[in-house]
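# Notes for the structure review
Residue-level listing of the chains:
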Amino acid sequence: MSTDGGLVRVMNPQVLRDWAQECVLRLDALRGEINDLNVFPIPDSDTGSNMLFTMRSAADAADALPADADVTAVTRAMAEGAVANARGNSGIILSQVLVGLADAVEIAAPDGLLTFSQLAVSGLRLGSLAATRAVSDPREGTVLTLIAIAAQSAAQHADETAADQARAIADDVADGLERTPEQLPELASAGVVDAGGRGFLAVLDAMVGVLTGVTQRRRHYRGILTGGGQPGHPVDETCNGPGDMDFEVMYLLTGAPGESIATLRAQLDELGDAVVIVGDSSSSAERFSVHVHTDDPGAAVEAAIGLGSVSDIRISCFALDSIRAQANSMEPPPRHRRAVVAVVCGDGAAELFSEAGAAVVRADGGVTPEALAEAIRATDSAHVVVMANGSLTSQDLVSVAAEVRSSQRSVVSLPTSSMAQCLAALAVHDPSESADADAYAMAEAAAGARWGSLLLADERMITLAGTCDVGDVLGLIGSDVLVIAPEQTAALVSLVDLMLATGGEMVTVLAGSGVDRDALSALEAQIRRAYPGVELSVYDTGQNDDLMQVGIE
């Protein structure tokens with residue numbers, strides 16, 4: 001969005017293009033998490049994939065436009081791209097949000113000159129109405145509920161800045177997402193939030209990120225469909241209960257009279273459930289995307305023949321999809337119950353962490369997600385705890401976990417930022433405990449370990465401790481520079497004094513390849529003199545990315 005002297009001007013279409021691409025990135029990173037939440041209307045573990053595919057089609061359609069395309073053209077292209085390529089219930093509903101935005105532009109400002117607030121208020125309201133109308137049996141506690149919450153929030157915060165309004169909408173939807181298990185028994189029974197709602201929150205957070213440049217941090221919404229399994233349903237179980245259908249049918253219907261859609265909906269309601277029919281509201285021939293779960297896919301397609309042109313027919317079998325998703329269950333069961341994978345730097349660190357019971361991945365020159373995934377598989381274990389120690393982004397870790405987990409392997413990534421935290425976690429690792437209890441204890445130990453490091457400054461810069469020059473030794477707590485000294489001894493002693501000011505019983509130093517031994521001797525003397533009862537442990541880990549790491553427990 002543009003501003004001029006503090007006065008809000010019209011939406012910039014590039015904001016929408018950026019938003020679409022950011023949605024794709026976020027949905028891609030969260031695809032595994034969202035898939036694992038998918039228990040309603042059927043636990044087919046594809047909501048994240050469907051929303052990603054649909055949003056990617058919208059983003060591609062927007063990018064295909066000329067660079068000077070206005071807001072009207074961009075929103076309509078996104079809507080048509082999403083409707084034409086929508087996948088699953090969740091994808092079709094997401095397409096209706098985009099249709100609502102496009103309709104809002106054409107109704108409120110056909111010339112494309114409107115503010116973000118106007119787009120949010122009108123677009124989300126129209127999108128909510130369209131999505132609800134599209135579903136034959138709308139249920140409270142689904143993404144439909146959250147779209148309605150977003151529309152209400154947009155109206156309530158219409159007078160705020162674009163950034164504040166977008167933040168408020170996303171936060172209100174996040175609150176609503178937490179309540180979905182209270183509204184939908186299927187979610188409460190499975191102990192999860194709504195999968196489509198989690199995907200919709202990612203879409204809203206993407207807009208906040210584009211407008212503010214700040215990434216919204218959300219908790220991990222833990223799912224139960226590890227590896228695409230169906231809880232409570234064996235792979236070879238047939239679908240014979242009420243509402244349990246064998247096939248998902250989707251197709252595009254072009255040129256059908258609007259009045260015939262009600263008849264088509266009624267026929268599909270008789271043939272199955274989860275019926276969703278939406279149109280793209282474009283100026284060209286009316287086009288509808290049709291979705292149904294049924295035991296008679298042929299009849300579901302035949303119901304539309306004669307009403308218009310039927311194309312892009314997609315029929316999938318839930319039982320077959322389940323078998324494919326469980327294909328890796330045909331492999332031999334893992335040989336080991338538990339494993340810990342740690343990413344480390346330095347020869348000494350590799351030896352130390354191996355002796356502590358971890359499978360080590362070296363990252364002296366960096367580590368790739370592919371290398372970490374291969375190391376997890378190589379453990380041949382049913383439960384794997386991963387500590388990347390700051391070597392990979394959270395998005396990469398989510399992608400790796402989604403890739404390697406299966407019906408026979410669960411993967412938990414602990415948010416360790418340093419080898420010092422990882423060592424604290426390994427100290428409480430107990431393979432005799434249950435997997436969940438062990439992972440929780442390790443996570444608690446890592447979170448409770450305060451850590452710092454010494455680095456050499458390679459440029460002149462301003463820090464919280466003042467301005468440093470090239471060659472100065474910097475003492476960091478976490479990622480903040482709080483100590484600047486001309487040599488290692490003063491920096492290390494000052495850093496540990498600062499860290500012990502808030503308490504601690506044990507100091508662990510991981511000494512890198514460039515460590516000054518006199519600094520370690522000075523630290524030992526300082527602890528004996530000033531901190532009686534505090535234990536000091538020093539390990540020659542040999543990393544070359546920092547002079548040393550310090551952990552306080």
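Look up: the structure comes first, before these words.
These figures come from a predicted structure and were not determined experimentally.

From N to C terminus, the chain includes 19 helices and 18 strands. A total of 553 residues make up the chain; the buried ones form 51% of that total. Considering only contacts within the chain whose residues lie at least 6 apart along the sequence, 71% involve residues at least 24 apart. For the chain, the exposed area adds up to about 23800 Å²; of that, 51% sits on carbon and sulfur atoms.

Trp19, Met55, Met78, Leu98 and Phe200 are the most contacted members of the largest nonpolar core, which totals 75 residues. If one sorts the elements of this core by residue count, helix α1 (residues 13-37) sits on top with ten residues. When sequence neighbours within four positions are dropped, the list of residues in contact with Leu98 reads Trp19, Met55, Ala58, Thr75, Met78, Ala79 and Ala82. One finds Leu520, Val534, Met548 and Ile552 within the second-largest nonpolar core, a separate group that totals 24 residues.

In terms of burial, strand β16 (residues 506-511) is largely enclosed, as five of its six residues are buried. Inspection of the sheet shows β16 paired to strand β17 (residues 535-540) by six bridges, in the parallel sense. Directly across from Met506, in β17, lies its bridge partner Glu535. In this fold, β16 hands off to helix α19 (residues 517-530), which returns the chain to β17; that crossover is right-handed. Relative to strand β18 (residues 548-552), β16 runs antiparallel, the two sharing five bridges. Of the residues in β18, the one forming a bridge with Leu510 is Gln549.

The next thing to look at is the packing of helix α6 (residues 143-156) against helix α9 (residues 195-212). The contact between α6 and α9 brings their axes to 8 Å, and the two run at 30 degrees. By the angle between their axes, α6 is roughly parallel relative to α9. Considering only the axes of α6 and α9, their crossing is right-handed. Seen from α6, the contacting residues are Val143, Leu146, Ile147 and Ala150; seen from α9, they are Gly196, Gly197, Phe200 and Leu204. Considering only residue class, the contact of α6 with α9 consists of six nonpolar, two polar and no charged.

Reading across the sheet, the six strands line up as β15-β14-β11-β18-β16-β17 and stay open at both edges, with mixed pairing between neighbours. Bordering the open sheet on either side are β15 (480-485) and β17, each of which pairs with just one other strand. The mean inter-strand angle of the sheet, taken between neighbouring strand axes irrespective of direction, is 20 degrees. On top of the sheet, helix α18 (residues 488-500) reaches β11 (450-456), β14 (473-477), β15, β16 and β18; it is set at about 160 degrees to β11, its chief contact.

Right, let's talk about empty space enclosed by the protein for a bit. What the rule picks out here adds up to two cavities of 30 Å³ or more. In this structure, the largest cavity occupies an estimated 200 Å³ of space. What lines the largest cavity is a set of 14 residues, among which Trp19, Phe116, Leu124, Leu204 and Met207 lie closest to the centre. For the lining of the largest cavity, the secondary structure elements donating two or more residues are α1, α4 (88-108), α5 (116-134), α7 (162-183) and α9. Estimates place the volume of the second largest cavity at around 30 Å³. Looking at the second largest cavity, the residues that line it are Met51, Ser90, Ile93, Leu94, Val97, Val143, Ile147 and Phe200. Counting residues per element, the ones that place at least two in the lining of the second largest cavity are α4 and α6. Ranked by residues supplied to the lining of the second largest cavity, first place goes to α4 with four residues.

Time to look at the pairing of β11. Bridge count for β11 against β18 is five bridges, and the pairing is antiparallel. Among the inter-strand pairings, Ser453 is bridged to a residue of β18, identified as Gln549. Sheet topology note: the β11/β14 ladder contains five bridges and is antiparallel. Paired with Leu455 across the bridge in β14 is Leu474.

Mapped onto the elements of the fold, Ser153 is located in helix α6. A relative accessible area of 1% means that Ser153 is categorised as buried.

Next up on the list: the sheet that holds strand β8 (residues 359-362). A sheet is described by the order of its strands in space; here four strands give the open sequence β8-β7-β9-β10, paired in parallel fashion. Unpaired on one side and paired on the other, β8 and β10 (410-413) mark the two borders of the sheet. Pairs of neighbouring strands in the sheet enclose a mean axial angle of 20 degrees, with direction left out of account. Here strand β9 (residues 381-387) runs beside β10; their pairing, made up of four bridges, is parallel. If you follow Val385 over to β10, its bridge partner there is Val412.

Our focus in this paragraph is the pattern of salt bridges. The full count for this structure, using the stated rule, is 20 salt bridges. Residues Asp36 and Arg405 are paired through a salt bridge, measuring 2.8 Å at the closest nitrogen-oxygen approach. On the criterion of sequence distance, the pair formed by Asp36 in helix α1 and Arg405 in the loop between α15 (394-404) and β10 is long-range, its members being 369 residues apart. Given a relative accessible area of 6%, Asp36 falls into the buried group. Classification of Arg405 as buried rests on a relative accessible area of 17%. Here Arg338 makes a salt bridge to Asp438, at a shortest N to O gap of 3.1 Å. Of this pair, Arg338 sits in strand β7 (residues 336-344) while Asp438 sits in helix α17 (residues 435-448); the two residues are 100 residues apart in sequence, bridging distant segments of the chain. Connected via shared salt-bridge partners are Arg76, Asp103 and Glu106.

Attention now goes to the packing of α4 against α5. Interhelical geometry of α4 versus α5 gives an angle of 135 degrees and a closest axis separation of 7 Å. Compared by their axis directions, α4 and α5 come out oblique. Considering how the two elements wind past one another, α4 and α5 form a crossing that is right-handed. Residues Ile93, Gln96, Val97, Gly100, Leu101, Asp103, Ala104, Val105 and Ile107 of α4 lie in contact with α5, whose contacting residues are Leu119, Ser122, Gly123, Leu124, Leu126, Gly127, Ala130 and Ala131. Taken together, the residues of the contact of α4 with α5 break down into eleven nonpolar, five polar and one charged.

Conventions we followed
Residues numbered from 1 in each chain as written. Predicted model: local features only at pLDDT ≥ 70, side-chain atom pairs only at ≥ 80, totals over all residues. Heavy atoms only, no water. Helix = DSSP H or I, 4+ residues; strand = E, 2+ residues; numbered from the N terminus. Buried < 20%, exposed > 50% of the residue type's maximum accessible area, 1.4 Å probe, protein only. Contact = heavy atoms within 4.5 Å. Areas by Shrake-Rupley, 256 points an atom, 1.4 Å probe, with all protein chains shown as cover. Core = buried A, V, L, I, M, F, W, Y, C linked by side-chain atoms within 4.5 Å. Pairing = 2+ DSSP bridges. Right-handed = clockwise from strand over helix to strand, strands pointing away. Axes fitted to C-alpha atoms, helices over the stretch in contact; angles between N-to-C directions. Parallel < 35°, antiparallel > 145°, perpendicular 65-115°, else oblique. Left-handed = near helix turned anticlockwise from the far one by under 90°. Nonpolar A, V, L, I, M, F, W, Y, C, P; charged D, E, K, R; others polar. 1 Å grid on protein atoms, 1.4 Å probe; cavity = no way out; pocket = protein on both sides within 12 Å on 5 of 7 lines; lining within 4 Å. Points joined across faces, edges and corners; volume = space filled by probe spheres on them. Salt bridge = Lys/Arg side-chain N within 4 Å of Asp/Glu carboxyl O.

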